[in-house]
Amino acid sequence: MAAVFPANQVIVVGGGLAGMSAANTVVELGGRSLLLDKSSFCGGNSTKATSGINGAGTKTQKTKSIPDNAEIFIADTLKGGAKKPELAKVLCANSAADVDWLVDKFDLDLSLVARLGGHSQPRTHRGKERFPGMTITYALIQMLEKVAEKTNRARIITKAEVFKLVQSGRSVVGCEYRKAGKVVKEFGPMVLASGGFGADFGSDSLLATYRPDLLHLPTTNGEHCTGDAIKMGEAIGAATIDLEWVQVHPTGLVKPDDPDAKVKFLAAEALRGVGGLVLDANGQRFCNELGRRDYVTGEMWKNKPPFRLCLNRAAADEIIWHAKHYTGRGVMKFYPSGEDLAKDMGVPLQTLVDTHQKHFEAAKKQEKDPDGGNFPAYPSGKTWDEPSGKTGSGKKFFHNIIDGSKVATEPFYVAIITPVIHYCMGGLECTVDAECIDKSGKAIPGLYVAGEAAGGIHGNNRLGGNSLLDCVVFGRVAGKAACKFTFGKDEKFKPCPVPSELKELTK
(Lines give C-alpha, C1' and ligand atoms only; values in the text may rest on other atoms or scores of the structure.)
Protein backbone atom coordinates (compact mmCIF):
# COMPACT_ATOMS: atom_id res chain seq x y z
CA MET A 1 0.00 0.00 0.00
CA ALA A 2 2.68 2.45 1.02
CA ALA A 3 4.31 2.17 -2.41
CA VAL A 4 1.27 3.89 -3.96
CA PHE A 5 2.61 7.31 -2.91
CA PRO A 6 5.74 8.65 -1.17
CA ALA A 7 4.36 8.32 2.36
CA ASN A 8 7.36 8.89 4.59
CA GLN A 9 5.24 10.64 7.23
CA VAL A 10 1.87 10.56 8.98
CA ILE A 11 0.06 13.90 8.97
CA VAL A 12 -1.93 14.72 12.11
CA VAL A 13 -4.43 17.61 12.08
CA GLY A 14 -5.02 19.10 15.53
CA GLY A 15 -2.68 19.61 18.47
CA GLY A 16 -4.95 18.59 21.33
CA LEU A 17 -4.60 15.35 23.26
CA ALA A 18 -5.89 13.11 20.44
CA GLY A 19 -3.48 14.60 17.90
CA MET A 20 -0.57 14.54 20.34
CA SER A 21 -1.31 10.91 21.30
CA ALA A 22 -1.34 9.97 17.60
CA ALA A 23 1.85 11.90 16.76
CA ASN A 24 3.82 10.55 19.75
CA THR A 25 2.66 7.02 18.94
CA VAL A 26 3.83 7.35 15.32
CA VAL A 27 7.28 8.43 16.54
CA GLU A 28 7.30 5.64 19.13
CA LEU A 29 6.71 3.05 16.38
CA GLY A 30 9.53 4.32 14.14
CA GLY A 31 7.49 6.63 11.94
CA ARG A 32 7.71 10.35 11.19
CA SER A 33 4.87 12.69 12.14
CA LEU A 34 3.86 16.12 10.90
CA LEU A 35 1.38 17.86 13.20
CA LEU A 36 -0.64 20.82 11.87
CA ASP A 37 -2.72 23.12 14.10
CA LYS A 38 -4.63 26.20 13.00
CA SER A 39 -4.22 27.98 16.33
CA SER A 40 -1.07 29.85 17.33
CA PHE A 41 -0.31 27.21 19.96
CA CYS A 42 -1.21 23.57 20.55
CA GLY A 43 -3.49 22.19 23.26
CA GLY A 44 -7.02 22.76 22.02
CA ASN A 45 -9.95 22.00 24.32
CA SER A 46 -8.03 19.12 25.90
CA THR A 47 -6.16 21.55 28.14
CA LYS A 48 -9.50 22.67 29.62
CA ALA A 49 -10.56 19.18 30.74
CA THR A 50 -10.89 19.39 34.48
CA SER A 51 -12.06 16.08 35.93
CA GLY A 52 -9.52 13.52 34.73
CA ILE A 53 -9.06 10.45 32.57
CA ASN A 54 -10.82 7.13 33.09
CA GLY A 55 -9.00 3.84 33.36
CA ALA A 56 -10.20 0.42 34.53
CA GLY A 57 -7.60 -1.91 35.99
CA THR A 58 -4.79 0.66 36.19
CA LYS A 59 -1.75 0.43 38.44
CA THR A 60 -3.16 3.36 40.46
CA GLN A 61 -6.44 1.51 41.06
CA LYS A 62 -4.59 -1.66 42.06
CA THR A 63 -2.57 0.21 44.70
CA LYS A 64 -5.87 1.47 46.11
CA SER A 65 -7.54 -1.99 45.94
CA ILE A 66 -10.32 -0.71 43.64
CA PRO A 67 -12.01 -3.81 42.11
CA ASP A 68 -12.44 -2.46 38.58
CA ASN A 69 -11.97 -4.07 35.18
CA ALA A 70 -12.73 -3.52 31.50
CA GLU A 71 -16.00 -5.51 31.62
CA ILE A 72 -17.47 -3.33 34.39
CA PHE A 73 -16.32 -0.20 32.56
CA ILE A 74 -17.82 -1.36 29.22
CA ALA A 75 -21.16 -2.01 30.97
CA ASP A 76 -21.13 1.50 32.53
CA THR A 77 -20.23 3.13 29.20
CA LEU A 78 -23.02 1.31 27.34
CA LYS A 79 -25.52 2.15 30.09
CA GLY A 80 -24.28 5.77 29.96
CA GLY A 81 -25.26 6.21 26.31
CA ALA A 82 -22.82 4.36 24.02
CA LYS A 83 -24.54 2.42 21.23
CA LYS A 84 -21.66 0.59 19.52
CA PRO A 85 -20.31 -2.18 21.77
CA GLU A 86 -17.31 -2.81 19.49
CA LEU A 87 -16.09 0.80 19.89
CA ALA A 88 -16.90 0.89 23.62
CA LYS A 89 -14.80 -2.26 23.99
CA VAL A 90 -11.76 -0.61 22.36
CA LEU A 91 -12.19 2.46 24.56
CA CYS A 92 -12.51 0.56 27.83
CA ALA A 93 -10.25 -2.44 27.18
CA ASN A 94 -7.34 -0.17 26.22
CA SER A 95 -7.93 2.21 29.12
CA ALA A 96 -5.64 0.66 31.73
CA ALA A 97 -2.66 0.24 29.39
CA ASP A 98 -3.06 3.73 27.96
CA VAL A 99 -3.40 5.47 31.34
CA ASP A 100 -0.32 3.55 32.48
CA TRP A 101 1.42 4.66 29.23
CA LEU A 102 0.87 8.29 30.26
CA VAL A 103 2.27 7.66 33.73
CA ASP A 104 5.24 5.53 32.61
CA LYS A 105 6.32 7.31 29.42
CA PHE A 106 5.57 10.94 30.31
CA ASP A 107 6.25 10.87 34.08
CA LEU A 108 2.72 12.05 34.89
CA ASP A 109 1.13 12.04 38.32
CA LEU A 110 -2.28 10.34 38.03
CA SER A 111 -2.36 9.08 41.61
CA LEU A 112 -5.81 10.37 42.64
CA VAL A 113 -9.00 8.55 41.62
CA ALA A 114 -12.62 9.78 41.83
CA ARG A 115 -16.02 8.33 40.93
CA LEU A 116 -17.91 10.52 38.45
CA GLY A 117 -21.55 10.38 37.40
CA GLY A 118 -22.59 7.14 35.70
CA HIS A 119 -19.56 5.15 36.91
CA SER A 120 -19.99 2.22 39.27
CA GLN A 121 -16.32 2.36 40.37
CA PRO A 122 -13.86 5.19 41.15
CA ARG A 123 -11.84 5.27 37.91
CA THR A 124 -11.30 8.91 36.93
CA HIS A 125 -7.59 9.63 37.39
CA ARG A 126 -5.99 12.99 38.05
CA GLY A 127 -2.88 14.38 39.74
CA LYS A 128 -2.54 16.28 42.96
CA GLU A 129 -2.30 19.69 41.29
CA ARG A 130 -3.65 21.57 38.31
CA PHE A 131 -6.25 20.49 35.76
CA PRO A 132 -5.52 17.00 34.45
CA GLY A 133 -6.30 17.89 30.83
CA MET A 134 -3.71 20.65 30.91
CA THR A 135 -1.08 18.52 32.69
CA ILE A 136 -1.50 15.48 30.42
CA THR A 137 -1.73 17.38 27.12
CA TYR A 138 1.23 19.64 27.88
CA ALA A 139 3.40 16.63 28.77
CA LEU A 140 2.71 15.13 25.34
CA ILE A 141 3.22 18.49 23.58
CA GLN A 142 6.56 18.98 25.31
CA MET A 143 7.71 15.49 24.35
CA LEU A 144 6.84 16.01 20.67
CA GLU A 145 8.42 19.48 20.68
CA LYS A 146 11.67 18.05 22.07
CA VAL A 147 11.65 15.22 19.51
CA ALA A 148 11.09 17.81 16.73
CA GLU A 149 13.94 19.94 18.08
CA LYS A 150 16.47 17.09 18.37
CA THR A 151 15.54 14.83 15.43
CA ASN A 152 13.86 14.77 12.01
CA ARG A 153 11.16 12.39 13.26
CA ALA A 154 8.57 15.07 14.11
CA ARG A 155 7.50 18.49 12.89
CA ILE A 156 4.91 20.83 14.41
CA ILE A 157 3.47 23.68 12.34
CA THR A 158 1.03 26.11 14.01
CA LYS A 159 -1.20 28.76 12.36
CA ALA A 160 -1.69 26.13 9.64
CA GLU A 161 -5.34 25.81 8.63
CA VAL A 162 -5.97 22.54 6.83
CA PHE A 163 -8.91 23.02 4.44
CA LYS A 164 -8.76 20.20 1.88
CA LEU A 165 -7.95 16.50 1.73
CA VAL A 166 -5.97 15.33 -1.34
CA GLN A 167 -6.99 12.02 -2.90
CA SER A 168 -5.64 9.49 -5.37
CA GLY A 169 -8.65 7.42 -6.36
CA ARG A 170 -10.43 6.52 -3.11
CA SER A 171 -7.30 6.90 -1.01
CA VAL A 172 -6.47 10.01 0.96
CA VAL A 173 -2.83 10.85 0.21
CA GLY A 174 -2.36 14.26 1.86
CA CYS A 175 -3.83 17.68 2.46
CA GLU A 176 -3.66 21.37 1.62
CA TYR A 177 -3.30 24.03 4.29
CA ARG A 178 -3.09 27.80 4.48
CA LYS A 179 -0.32 29.55 6.38
CA ALA A 180 0.66 33.22 6.18
CA GLY A 181 -1.43 33.73 3.05
CA LYS A 182 0.13 30.79 1.16
CA VAL A 183 -1.31 27.37 0.31
CA VAL A 184 0.99 24.42 1.10
CA LYS A 185 0.57 20.74 0.15
CA GLU A 186 1.80 17.86 2.28
CA PHE A 187 1.63 14.15 1.50
CA GLY A 188 0.97 11.20 3.78
CA PRO A 189 -1.96 9.41 5.40
CA MET A 190 -4.11 11.72 7.54
CA VAL A 191 -5.22 11.51 11.15
CA LEU A 192 -8.01 14.04 11.72
CA ALA A 193 -8.04 15.17 15.36
CA SER A 194 -9.21 18.77 15.19
CA GLY A 195 -12.11 18.55 17.64
CA GLY A 196 -15.87 19.04 17.45
CA PHE A 197 -18.16 21.90 16.45
CA GLY A 198 -19.22 23.31 19.81
CA ALA A 199 -18.26 26.85 18.76
CA ASP A 200 -19.61 26.67 15.19
CA PHE A 201 -22.29 29.34 15.59
CA GLY A 202 -22.60 30.71 12.02
CA SER A 203 -25.89 30.57 10.09
CA ASP A 204 -24.62 27.66 7.95
CA SER A 205 -22.82 25.96 10.83
CA LEU A 206 -23.13 22.34 11.94
CA LEU A 207 -24.85 23.54 15.12
CA ALA A 208 -27.38 25.53 13.08
CA THR A 209 -27.96 22.50 10.84
CA TYR A 210 -28.28 19.80 13.49
CA ARG A 211 -29.10 21.58 16.78
CA PRO A 212 -30.51 25.07 16.12
CA ASP A 213 -32.27 24.82 19.49
CA LEU A 214 -28.87 25.15 21.22
CA LEU A 215 -27.56 28.23 19.39
CA HIS A 216 -28.65 30.53 22.25
CA LEU A 217 -26.58 28.67 24.85
CA PRO A 218 -23.08 29.58 25.99
CA THR A 219 -20.23 27.13 25.24
CA THR A 220 -17.08 25.83 26.91
CA ASN A 221 -15.40 25.42 23.51
CA GLY A 222 -12.60 27.56 22.10
CA GLU A 223 -13.35 29.47 18.89
CA HIS A 224 -11.30 26.95 16.87
CA CYS A 225 -14.03 24.27 17.34
CA THR A 226 -15.83 24.71 14.05
CA GLY A 227 -16.04 21.11 12.85
CA ASP A 228 -13.26 21.38 10.23
CA ALA A 229 -12.44 17.64 10.19
CA ILE A 230 -16.09 16.69 9.79
CA LYS A 231 -16.59 19.17 6.93
CA MET A 232 -13.42 18.02 5.10
CA GLY A 233 -14.40 14.38 5.54
CA GLU A 234 -17.93 15.01 4.26
CA ALA A 235 -16.49 16.77 1.20
CA ILE A 236 -14.84 13.52 0.05
CA GLY A 237 -17.79 11.27 0.93
CA ALA A 238 -16.90 10.15 4.45
CA ALA A 239 -19.84 9.03 6.57
CA THR A 240 -20.90 10.92 9.68
CA ILE A 241 -22.85 9.67 12.66
CA ASP A 242 -24.77 11.14 15.64
CA LEU A 243 -24.23 14.80 14.67
CA GLU A 244 -27.48 15.69 16.42
CA TRP A 245 -26.09 14.48 19.77
CA VAL A 246 -24.49 17.55 21.34
CA GLN A 247 -23.83 17.29 25.05
CA VAL A 248 -25.08 20.18 27.18
CA HIS A 249 -23.05 20.11 30.39
CA PRO A 250 -24.93 21.12 33.54
CA THR A 251 -22.13 23.01 35.26
CA GLY A 252 -20.86 25.93 33.22
CA LEU A 253 -19.57 28.57 35.65
CA VAL A 254 -21.32 31.94 35.70
CA LYS A 255 -19.11 34.94 36.40
CA PRO A 256 -21.36 37.28 38.40
CA ASP A 257 -19.88 40.42 36.78
CA ASP A 258 -20.24 38.95 33.24
CA PRO A 259 -23.22 36.57 33.39
CA ASP A 260 -23.94 36.63 29.64
CA ALA A 261 -20.43 35.69 28.41
CA LYS A 262 -20.75 33.31 25.42
CA VAL A 263 -17.67 31.26 26.42
CA LYS A 264 -17.72 29.90 29.95
CA PHE A 265 -15.36 27.99 32.23
CA LEU A 266 -16.49 24.51 33.11
CA ALA A 267 -16.88 23.29 36.67
CA ALA A 268 -15.12 19.94 36.83
CA GLU A 269 -17.48 17.00 37.26
CA ALA A 270 -15.11 15.91 40.03
CA LEU A 271 -16.57 18.77 42.12
CA ARG A 272 -19.76 16.72 42.30
CA GLY A 273 -17.78 13.50 42.62
CA VAL A 274 -16.20 14.71 45.87
CA GLY A 275 -19.62 15.56 47.31
CA GLY A 276 -20.77 18.89 45.82
CA LEU A 277 -24.54 19.45 46.02
CA VAL A 278 -26.63 21.20 43.37
CA LEU A 279 -29.26 23.58 44.79
CA ASP A 280 -32.02 25.57 43.09
CA ALA A 281 -32.86 29.24 43.77
CA ASN A 282 -34.79 28.20 46.89
CA GLY A 283 -31.89 26.21 48.39
CA GLN A 284 -33.43 22.80 47.62
CA ARG A 285 -31.86 19.74 45.99
CA PHE A 286 -33.76 18.44 42.96
CA CYS A 287 -31.57 15.80 41.25
CA ASN A 288 -28.94 13.10 41.60
CA GLU A 289 -25.71 15.09 41.43
CA LEU A 290 -23.95 11.95 40.17
CA GLY A 291 -26.41 11.23 37.37
CA ARG A 292 -25.63 11.42 33.66
CA ARG A 293 -24.88 14.90 32.33
CA ASP A 294 -27.95 14.98 30.10
CA TYR A 295 -30.11 13.96 33.06
CA VAL A 296 -28.76 16.68 35.41
CA THR A 297 -29.19 19.30 32.67
CA GLY A 298 -32.76 18.09 32.02
CA GLU A 299 -33.65 18.43 35.70
CA MET A 300 -32.21 21.96 35.74
CA TRP A 301 -34.53 22.98 32.90
CA LYS A 302 -37.49 21.91 35.09
CA ASN A 303 -36.45 23.88 38.18
CA LYS A 304 -35.84 27.47 39.25
CA PRO A 305 -32.51 29.21 38.55
CA PRO A 306 -30.03 30.45 39.56
CA PHE A 307 -28.51 27.09 40.42
CA ARG A 308 -25.59 26.71 42.81
CA LEU A 309 -22.96 24.05 43.22
CA CYS A 310 -22.03 23.93 46.92
CA LEU A 311 -18.99 22.21 48.43
CA ASN A 312 -18.66 21.84 52.19
CA ARG A 313 -15.22 21.93 53.83
CA ALA A 314 -14.40 18.22 53.42
CA ALA A 315 -15.50 18.19 49.76
CA ALA A 316 -13.54 21.36 48.97
CA ASP A 317 -10.45 20.10 50.77
CA GLU A 318 -10.42 17.01 48.57
CA ILE A 319 -10.22 19.16 45.44
CA ILE A 320 -8.80 22.37 46.90
CA TRP A 321 -6.57 23.30 43.94
CA HIS A 322 -9.67 23.48 41.72
CA ALA A 323 -11.69 25.42 44.32
CA LYS A 324 -8.96 28.02 44.83
CA HIS A 325 -8.35 28.31 41.09
CA TYR A 326 -12.04 28.97 40.36
CA THR A 327 -12.27 31.42 43.26
CA GLY A 328 -9.24 33.30 41.92
CA ARG A 329 -10.92 33.56 38.52
CA GLY A 330 -14.06 35.01 40.07
CA VAL A 331 -16.37 32.10 39.14
CA MET A 332 -16.57 30.58 42.64
CA LYS A 333 -17.01 32.24 46.03
CA PHE A 334 -15.79 31.25 49.47
CA TYR A 335 -18.32 31.68 52.31
CA PRO A 336 -16.99 31.50 55.90
CA SER A 337 -20.31 29.96 57.03
CA GLY A 338 -23.61 28.52 55.88
CA GLU A 339 -25.24 31.52 57.48
CA ASP A 340 -23.36 33.83 55.08
CA LEU A 341 -24.34 31.62 52.14
CA ALA A 342 -28.04 31.68 53.12
CA LYS A 343 -27.97 35.49 53.34
CA ASP A 344 -26.39 35.81 49.90
CA MET A 345 -28.92 33.38 48.41
CA GLY A 346 -31.82 35.18 50.08
CA VAL A 347 -33.14 31.98 51.66
CA PRO A 348 -33.70 31.11 55.35
CA LEU A 349 -30.71 29.39 56.96
CA GLN A 350 -33.12 26.66 58.11
CA THR A 351 -33.73 25.71 54.46
CA LEU A 352 -30.03 24.93 53.94
CA VAL A 353 -29.96 23.09 57.28
CA ASP A 354 -32.95 20.94 56.25
CA THR A 355 -31.54 20.26 52.77
CA HIS A 356 -28.25 18.99 54.19
CA GLN A 357 -29.96 17.05 56.98
CA LYS A 358 -32.22 15.14 54.57
CA HIS A 359 -29.20 14.35 52.38
CA PHE A 360 -27.25 13.18 55.45
CA GLU A 361 -30.08 10.95 56.65
CA ALA A 362 -30.54 9.40 53.19
CA ALA A 363 -26.81 8.62 53.04
CA LYS A 364 -26.85 6.95 56.46
CA LYS A 365 -29.91 4.84 55.51
CA GLN A 366 -28.21 3.89 52.23
CA GLU A 367 -25.13 2.75 54.15
CA LYS A 368 -27.21 0.67 56.55
CA ASP A 369 -29.69 -0.77 54.03
CA PRO A 370 -28.42 -0.25 50.45
CA ASP A 371 -31.26 -2.23 48.82
CA GLY A 372 -34.22 -1.14 50.92
CA GLY A 373 -34.88 2.37 49.63
CA ASN A 374 -38.23 3.58 48.31
CA PHE A 375 -36.98 4.95 44.98
CA PRO A 376 -35.18 3.64 41.86
CA ALA A 377 -31.44 4.44 41.81
CA TYR A 378 -29.00 5.09 38.97
CA PRO A 379 -27.42 3.03 37.48
CA SER A 380 -29.34 0.29 39.32
CA GLY A 381 -30.82 -0.70 42.67
CA LYS A 382 -32.73 1.44 45.18
CA THR A 383 -32.15 4.70 47.07
CA TRP A 384 -33.47 6.41 50.19
CA ASP A 385 -32.79 9.87 48.72
CA GLU A 386 -36.16 11.47 47.96
CA PRO A 387 -35.18 14.59 45.92
CA SER A 388 -33.28 12.49 43.38
CA GLY A 389 -35.40 9.36 43.78
CA LYS A 390 -38.54 11.18 42.63
CA THR A 391 -36.83 11.87 39.27
CA GLY A 392 -36.43 8.12 38.63
CA SER A 393 -32.62 8.33 38.69
CA GLY A 394 -31.88 8.24 42.41
CA LYS A 395 -28.56 8.81 44.17
CA LYS A 396 -26.87 5.78 45.72
CA PHE A 397 -23.28 7.01 46.23
CA PHE A 398 -22.66 9.62 48.91
CA HIS A 399 -19.37 11.30 49.80
CA ASN A 400 -18.26 13.98 52.29
CA ILE A 401 -21.72 14.39 53.81
CA ILE A 402 -22.45 16.71 56.76
CA ASP A 403 -25.47 16.76 59.06
CA GLY A 404 -27.69 19.81 59.18
CA SER A 405 -26.51 20.95 62.62
CA LYS A 406 -23.10 21.87 61.14
CA VAL A 407 -24.38 24.02 58.27
CA ALA A 408 -24.65 27.36 60.14
CA THR A 409 -20.92 27.46 60.89
CA GLU A 410 -19.59 25.29 58.02
CA PRO A 411 -17.42 27.05 55.40
CA PHE A 412 -18.52 26.52 51.78
CA TYR A 413 -17.10 27.05 48.30
CA VAL A 414 -20.02 27.88 45.99
CA ALA A 415 -20.44 28.56 42.26
CA ILE A 416 -23.45 29.71 40.25
CA ILE A 417 -23.85 27.22 37.38
CA THR A 418 -25.74 27.10 34.08
CA PRO A 419 -26.06 24.56 31.24
CA VAL A 420 -23.48 25.00 28.46
CA ILE A 421 -22.70 23.44 25.07
CA HIS A 422 -19.79 21.20 25.91
CA TYR A 423 -19.11 18.20 23.69
CA CYS A 424 -20.17 16.78 20.32
CA MET A 425 -20.73 13.04 20.51
CA GLY A 426 -21.18 12.90 16.74
CA GLY A 427 -18.49 13.13 14.08
CA LEU A 428 -16.88 11.08 11.34
CA GLU A 429 -17.92 7.44 11.59
CA CYS A 430 -15.00 5.08 12.16
CA THR A 431 -13.98 1.45 12.58
CA VAL A 432 -12.31 -0.13 15.62
CA ASP A 433 -9.00 0.80 13.91
CA ALA A 434 -10.03 4.49 13.73
CA GLU A 435 -10.44 4.30 9.94
CA CYS A 436 -12.98 6.70 8.43
CA ILE A 437 -15.60 4.96 6.33
CA ASP A 438 -17.66 6.01 3.33
CA LYS A 439 -21.44 5.90 3.15
CA SER A 440 -21.36 2.27 1.98
CA GLY A 441 -19.41 1.29 5.12
CA LYS A 442 -16.05 0.72 3.40
CA ALA A 443 -12.88 2.08 5.01
CA ILE A 444 -11.33 5.06 3.20
CA PRO A 445 -7.63 4.17 2.76
CA GLY A 446 -5.28 6.66 4.41
CA LEU A 447 -7.90 8.53 6.48
CA TYR A 448 -8.19 8.14 10.26
CA VAL A 449 -9.99 10.06 12.98
CA ALA A 450 -9.59 10.46 16.73
CA GLY A 451 -10.91 12.53 19.62
CA GLU A 452 -14.04 14.67 19.39
CA ALA A 453 -13.88 14.67 15.57
CA ALA A 454 -14.80 10.96 15.68
CA GLY A 455 -18.42 9.90 16.07
CA GLY A 456 -20.20 6.82 17.37
CA ILE A 457 -17.93 6.10 20.33
CA HIS A 458 -20.14 7.66 23.02
CA GLY A 459 -23.61 7.30 21.49
CA ASN A 460 -26.08 9.91 22.75
CA ASN A 461 -24.26 10.80 25.99
CA ARG A 462 -20.61 10.78 27.02
CA LEU A 463 -19.61 9.87 30.57
CA GLY A 464 -17.28 12.24 32.41
CA GLY A 465 -13.62 11.26 32.11
CA ASN A 466 -14.21 9.42 28.81
CA SER A 467 -13.19 12.35 26.57
CA LEU A 468 -9.51 12.46 27.58
CA LEU A 469 -9.52 8.66 27.46
CA ASP A 470 -11.09 8.67 23.98
CA CYS A 471 -8.34 11.09 22.84
CA VAL A 472 -5.53 8.87 24.10
CA VAL A 473 -7.02 5.49 23.12
CA PHE A 474 -8.21 6.40 19.61
CA GLY A 475 -5.27 8.77 19.05
CA ARG A 476 -2.98 5.80 19.67
CA VAL A 477 -5.16 3.42 17.65
CA ALA A 478 -5.13 5.91 14.73
CA GLY A 479 -1.36 6.41 15.01
CA LYS A 480 -0.74 2.65 14.95
CA ALA A 481 -3.12 2.11 12.00
CA ALA A 482 -1.58 4.98 10.00
CA CYS A 483 1.91 3.53 10.64
CA LYS A 484 0.80 0.09 9.48
CA PHE A 485 -0.60 1.70 6.31
CA THR A 486 2.58 3.74 5.75
CA PHE A 487 5.15 1.06 6.55
CA GLY A 488 3.64 -1.50 4.17
CA LYS A 489 4.10 -5.27 4.25
CA ASP A 490 6.87 -6.46 6.60
CA GLU A 491 7.39 -2.79 7.55
CA LYS A 492 9.46 -2.41 4.39
CA PHE A 493 8.97 1.37 4.29
CA LYS A 494 9.46 2.15 7.99
CA PRO A 495 11.49 5.40 7.90
CA CYS A 496 13.26 5.23 11.30
CA PRO A 497 14.48 2.68 13.82
CA VAL A 498 12.09 2.07 16.74
CA PRO A 499 13.38 4.05 19.75
CA SER A 500 13.78 2.18 23.06
CA GLU A 501 11.93 5.11 24.73
CA LEU A 502 10.52 8.39 23.46
CA LYS A 503 12.64 10.08 26.11
CA GLU A 504 15.81 8.72 24.43
CA LEU A 505 15.08 10.86 21.36
CA THR A 506 15.02 14.07 23.40
CA LYS A 507 18.58 13.83 24.73
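Quick caveat: nothing in here was measured; it's all calculated off a predicted structure.

Cut-offs applied
- Residues numbered from 1 in each chain as written.
- Predicted model: local features only at pLDDT ≥ 70, side-chain atom pairs only at ≥ 80, totals over all residues.
- Heavy atoms only, no water.
- Helix = DSSP H or I, 4+ residues; strand = E, 2+ residues; numbered from the N terminus.
- Rg over C-alpha atoms; globule rule 2.2 N^0.38 Å.
- Contact = heavy atoms within 4.5 Å.
- Areas by Shrake-Rupley, 256 points an atom, 1.4 Å probe, with all protein chains shown as cover.
- Lys, Arg positive; Asp, Glu negative; His and termini not counted.
- Charge placed at Lys NZ, Arg CZ, Asp CG, Glu CD.
- Buried < 20%, exposed > 50% of the residue type's maximum accessible area, 1.4 Å probe, protein only.
- Pairing = 2+ DSSP bridges.
- Axes fitted to C-alpha atoms, helices over the stretch in contact; angles between N-to-C directions.
- UniProt positions renumbered as here; feature names shortened; annotations may be inferred.
- Phe/Tyr/Trp six-rings, centres within 6.5 Å; stacked < 30°, edge-to-face > 60°.
- Parallel < 35°, antiparallel > 145°, perpendicular 65-115°, else oblique.
- Left-handed = near helix turned anticlockwise from the far one by under 90°.
- Nonpolar A, V, L, I, M, F, W, Y, C, P; charged D, E, K, R; others polar.
- Salt bridge = Lys/Arg side-chain N within 4 Å of Asp/Glu carboxyl O.

Draft legend 1. Just the overall build of the protein, in detail. Along the backbone of the protein there are 16 helices and 22 strands. For 507 residues, the compact-globule estimate of 2.2 N^0.38 gives 23 Å, and the protein sits close to it at 23 Å. Dimensions of the protein along its principal axes, counting C-alpha atoms only, are 75 × 50 × 40 Å. Considering only residue pairs separated by 6 or more positions, the protein has 73% of its internal contacts joining residues 24 or more positions apart. Summing over all exposed atoms, the protein offers an accessible surface of approximately 19,600 Å²; the carbon and sulfur share of this is 52%. Of the side chains in the protein, 64 bear a positive and 57 a negative charge, and the two mean positions are spaced by 3 Å.

Draft legend 2. Region of interest: unusual backbone geometry. In this structure, P306 follows P305 across a cis peptide bond, with omega equal to 0°. Position of P306 relative to the elements: it lies in the loop between α10 (293-302) and β14 (307-311). Positive phi values are uncommon outside glycine, yet A180 reaches one of about 55°. Inspection of the secondary structure puts A180 in the loop between β8 (171-179) and β9 (182-187). The exposure class of A180 is exposed, given its relative accessible area of 76%. The phi angle at N400 is positive, at roughly 50°, despite the residue not being glycine. Counting through the fold element by element, N400 comes out in the loop between α15 (386-389) and β18 (412-424).

Draft legend 3. Highlighting the sheet that holds strand β19 (residues 427-429). Read across the open sheet, the three strands follow the order β11-β19-β22; overall the sheet is mixed. Only two strands of the sheet have a single neighbouring strand rather than two, namely β11 (240-241) and β22 (454-455). Contacting β11 and β19, helix α8 (residues 228-235) crosses the sheet at an angle of about 40° to β19.

Draft legend 4. How the structure looks around the pairing of β9. Two elements, β8 and β9, share six bridges in a ladder whose sense is antiparallel. By the bridge assignment, G174 is partnered in β9 with F187. Hairpin geometry of β8 and β9 is characterised by an intervening segment of two residues between the two adjacent antiparallel strands and by a positive phi of about 55° at A180.

Draft legend 5. A look at the UniProt feature "domain: FAD-dependent oxidoreductase 2 FAD-binding" (unreviewed entry) in the protein. Sites flagged by UniProt as "domain: FAD-dependent oxidoreductase 2 FAD-binding" (unreviewed entry) map to residues 10-468. The annotated region residues 10-468 carries 32% helix and 22% strand content, and the separation between its end C-alpha atoms amounts to 22 Å.

Draft legend 6. Fine view of the sheet that holds strand β3 (residues 53-54). The sheet built from three strands is open, its strands ordered β3-β5-β4 with antiparallel pairing. Each edge of the sheet is formed by a strand with only one pairing partner; in this case those strands are β3 and β4 (112-114). Relative to strand β5 (residues 124-126), β3 runs antiparallel, the two sharing two bridges. Along β5, the bridge assignment pairs N54 with T124.

Draft legend 7. Structural view of the environment of G233. Along the polypeptide, G233 turns up in helix α8. On the accessibility criterion, G233 (0% relative accessible area) is buried. Taking C-alpha positions, G233 is 37 Å from D258, a pair spaced 25 residues apart along the chain. Discounting residues that sit within four places of it in the chain, G233 has contacts with L165, A238 and L428.

Draft legend 8. Structural detail: the packing of aromatic side chains. The final tally for this structure, using the stated rule, is five aromatic pairs. Ring geometry for F131 against W321: centres 5.0 Å apart, planes inclined by 90°, an arrangement best described as edge-to-face. Here F131, found in the loop between β5 and α6 (132-150), pairs with W321, found in helix α12 (residues 320-328); they are 190 residues apart in sequence, far enough to count as distant. Given a relative accessible area of 7%, F131 falls into the buried group. By relative accessible area, which is 24% here, W321 ends up partly exposed.

Draft legend 9. Spotlight on the packing of helix α3 (residues 70-80) against helix α4 (residues 85-93). At a minimum axis separation of 9 Å, α3 and α4 run at an interaxial angle of 135°. Classified by the angle their axes make, α3 and α4 are oblique. Crossing angle aside, the handedness with which α3 passes α4 is right-handed. Along the contact surface, α3 presents A70, F73, I74, T77 and L78, while α4 presents P85, A88, K89, L91, C92 and A93.

Draft legend 10. Layout of the environment of L34. Note that L34 resides in strand β2 (residues 33-37). Through-space distance from the C-alpha of L34 to that of M232 is 18 Å; in sequence the pair is 198 residues apart. Aside from chain neighbours lying at most four places away, what touches L34 is Q9, V10, I11, V12, R155, I157 and E186.

Draft legend 11. View of the packing of helix α1 (residues 17-28) against α6. Interaxial distance between α1 and α6 falls to 9 Å at its minimum, and their mutual angle equals 40°. Here α1 lies oblique to α6, going by the angle between them. Between α1 and α6 lies a crossing whose hand is left-handed. Where α1 approaches α6, its residues L17, M20, S21, A23, N24 and V27 are matched on the opposing element by I136, T137, L140, I141, M143, L144 and V147. Classifying every residue of the contact of α1 with α6 gives ten nonpolar, three polar and no charged.

Draft legend 12. Representation of the pattern of salt bridges within the structure. Considering all chains together, one arrives at 26 salt bridges under this definition. Between R123 and D76 there is a salt bridge, and its shortest N-O distance comes to 2.9 Å. Of this pair, R123 sits in the loop between β4 and β5 while D76 sits in helix α3, and the two are 47 residues apart along the sequence. Here the two residues R123 and D76 agree in accessibility, since each one is buried. Linking R285 and D385 is a salt bridge whose minimum nitrogen-to-oxygen distance equals 2.9 Å. Of this pair, R285 sits in the loop between β13 (277-279) and α10 while D385 is found in the loop between β17 (382-383) and α15, placing the two residues 100 residues apart along the sequence. Given the relative accessible area of 1%, D385 is considered buried. One salt-bridge network, held together by shared partners, links R285, E289, D385 and K395.

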